[in-house]
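The chain contents come next:
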Amino acid sequence: MKTLWIFAHPEARSLNAALRDTGVAALREAGHQVRESDLYAMGWKPVVDGADFPARERPEDRLLVGDAQEHAYRTGELSRDIRAEQEKIEWADTLVFHFPLWWFGPPAILKGWFDRVLVQGFAFGVQDAEGRTRRYGDGGLAGKRAMVVTSVGARPSSFGPRGIHGYVEDVLFPVHHGTFWYTGMAALPPFVVYGADRSTEADVKERQEELRERLRNLDALAPLPFRYEAGGDYDADLVLRPELAPGRTGLQVHSA
Ligand SMILES: Cc1cc2nc3c(=O)[nH]c(=O)nc-3n(C[C@H](O)[C@H](O)[C@H](O)COP(=O)(O)O)c2cc1C
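Residues numbered from 1 in each chain as written. Predicted model: local features only at pLDDT ≥ 70, side-chain atom pairs only at ≥ 80, totals over all residues. Heavy atoms only, no water.

K.L.:
How should the site of the ligand be read in this particular structure?
P.N.:
Surrounding the ligand, one finds 16 residues, the nearest of these being His9, Asn16, Trp103, Ser151 and Asp197. Leu101 is positioned such that a nitrogen or oxygen atom in its backbone is 2.8 Å from an oxygen atom of the ligand. Considered class by class, the residues forming the shell around the ligand number 10 nonpolar, five polar and one charged. (Near = heavy atom within 4 Å. Polar contact = N/O pair within 3.5 Å; in protein donor to acceptor, adjacent residues only side chain to side chain. Nonpolar A, V, L, I, M, F, W, Y, C, P; charged D, E, K, R; others polar.)

K.L.:
It is not clear to me how the pattern of salt bridges should be interpreted in this structure. Could you clarify?
P.N.:
Pairing between side chains becomes possible if they bear opposite charge and their charged atoms approach one another. By the definition in use, this model includes 21 salt bridges. As a salt-bridge pair, Arg212 and Glu29 come within 3.3 Å of each other at their nearest N and O atoms. Of this pair, Arg212 sits in helix H8 (residues 201–216) while Glu29 sits in helix H1 (residues 15–29); the two residues are 183 residues apart in sequence, bridging distant segments of the chain. Under the relative-accessibility criterion, Glu29 is labelled exposed at 60%. Arg227 is paired through a salt bridge with Asp233; the nearest N and O atoms lie 3.0 Å apart. Per residue, the accessibility class of Arg227 equals that of Asp233, and both read buried. The network of salt bridges with shared partners includes Lys45, Asp49, Asp52, Asp81 and Arg116. (Salt bridge = Lys/Arg side-chain N within 4 Å of Asp/Glu carboxyl O. Helix = DSSP H or I, 4+ residues; strand = E, 2+ residues; numbered from the N terminus. Buried < 20%, exposed > 50% of the residue type's maximum accessible area, 1.4 Å probe, protein only.)

K.L.:
What am I meant to see in the environment of Arg35 here?
P.N.:
Its place among the elements puts Arg35 in strand E2 (residues 33–38). Each C-alpha atom of the pair Arg35 and Val204 lies 24 Å from the other, and the pair is 169 residues apart in sequence. Ignoring sequence-local partners within four residues, the contact set of Arg35 consists of Thr3, Leu4, Trp5, Glu87, Lys88 and Trp91. There is a polar contact of 3.1 Å between the side chain of Arg35 and the side chain of Glu87. (Contact = heavy atoms within 4.5 Å.)

K.L.:
Can you help me understand the side chain of Gln208 in this one?
P.N.:
Its place among the elements puts Gln208 in helix H8. Within the structure, Gln208 has its side chain in polar contact with the side chain of Thr22 (distance 2.8 Å). Each residue touching Gln208, except ones within four places of it in the same chain, is listed here: Ala18, Leu19 and Thr22.

K.L.:
How should the domain arrangement of the chain be read in this particular structure?
P.N.:
Often the size quoted for an interface is simply the accessible area lost on bringing the parts together. Split by domain assignment, the chain resolves into domain 1 (2–224) and domain 2 (225–256). The centre of domain 1, based on its C-alpha atoms, is set 25 Å off from the matching centre of domain 2. Each side of the interface is counted separately: domain 1 has 13 residues, and domain 2 has nine residues. It is Phe173, Trp181 and Leu224 in domain 1 that bury the most area against domain 2; as a group they hold 46% of the surface buried on that side. There are one salt bridge connecting domain 1 and domain 2. Ionic pairing is found between Arg135 and Glu229, a salt bridge with its closest N-O pair at 2.9 Å. The element best represented in the side of domain 1 that touches domain 2 is helix H7 (residues 173–181), accounting for four residues. (Domains from an automatic or database assignment. Buried area = accessible area lost by both parts, 1.4 Å probe.)

K.L.:
Sorry if this is basic, but what is going on with the packing of aromatic side chains here?
P.N.:
Two numbers describe a pair of aromatic rings. These are the distance of the centres and the angle of the planes. In this structure the tally under the stated criterion is 12 aromatic pairs. Between Phe159 and Tyr194 the ring centres are 6.4 Å apart and the planes differ by 50 degrees, which places this aromatic pair in the tilted class. You can see Phe159 sitting in the loop between strand E4 (145–151) and helix H6 (168–171) and its partner Tyr194 sitting in the loop between strand E6 (191–193) and H8, a full 35 residues away along the chain. Take Phe159: its relative accessible area is 4%, and that puts it in the buried class. According to the relative accessible area criterion, Tyr194 is partly exposed, its value standing at 25%. Through a chain of ring-to-ring contacts, the aromatic side chains of Phe97, Trp113, Phe114 and Phe180 assemble into a single cluster. (Phe/Tyr/Trp six-rings, centres within 6.5 Å; stacked < 30°, edge-to-face > 60°.)

K.L.:
Any chance you could explain the packing of helix H4 (residues 80–91) against helix H5 (residues 108–117) here in plain terms?
P.N.:
Packed helices, taken two at a time, are described by the angle between their axes plus the distance between the axes. At a minimum axis separation of 10 Å, H4 and H5 run at an interaxial angle of 90 degrees. In terms of their interaxial angle, H4 and H5 are classed as roughly perpendicular. Between H4, through Asp81, Ile82, Glu85, Gln86 and Ile89, and H5, the contact on the second element is made entirely by Trp113, Arg116 and Val117. (Axes fitted to C-alpha atoms, helices over the stretch in contact; angles between N-to-C directions. Parallel < 35°, antiparallel > 145°, perpendicular 65-115°, else oblique.)

K.L.:
Please explain unusual backbone geometry as it appears in this structure.
P.N.:
Leaving glycine aside, a negative phi is the common case for residues, and trans is the common case for peptide bonds. The phi dihedral of Trp103 falls on the positive side, at around 50 degrees, and the residue is not glycine. Looking at the element boundaries, Trp103 is found in the loop between strand E3 (94–100) and H5. With phi around 65 degrees, Leu238 is a residue other than glycine that occupies positive phi space. Take Leu238: it is sitting in the segment after H8. We classify Leu238 as partly exposed; its relative accessible area is 46%.

What follows is the structure, given as structure tokens:
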């Protein structure tokens, strides 16, 4: 297995840094190849701006950022740091996205990695032989698997199906479904550390052991059962057919 471990935490003495060290070491001990993107250590630039793609010939033309990114991707003119990340993604069969949950999502530095690296023509906006856009279960990253490793301050019950923070699978839906599945990557069940702010040394050791155990079975782990856009479950307007999950709405209807 070839795993790219993308890490978004600023502090080398953090719980998450300890988990990252454990995770990367466990994979290597099991004979897997691992490459890393430690976003803070790399000084990753998190914002899309004009330096990412060359200036247009006619500056008066309206610019669609997605088109500019795709053009620069196709002509090899995307900035070097973006191309280096895309090369790592192409190399990997599994991607681990490791971050503390900040304001119900990944830290801005990782959001900026998504914005800058997963460009149109590379990760999404690619078409099949019939000219249909490949999305949700298919796309530029089809065949790869991706897993979130994250930690949260809150306790597990409060992230349960009726917990005050919302169900953790709903909270992670934008990453799992909107980013992984949209680009074709199978989303593996997340590894979530709860109550992270109050964890003792003993807790950290336990979580490290749990992560080792999870990674031991990484190859065999069944992905989240999201529905394929092209699998017949959605109508021409991209609405789930009424006979599926009848009477239900909400994010969970997109799981079979
Ligand atoms: C900016 C910021 C936003 C946070 N937002 C959340 C949140 O939305 N939900 C939550 O449960 N914890 C939240 N937390 C708590 C962190 O998830 C927690 O401190 C972290 O997982 C602990 O891991 P660390 O010691 O490796 O940083 C937040 C913390 C910070 C600093």
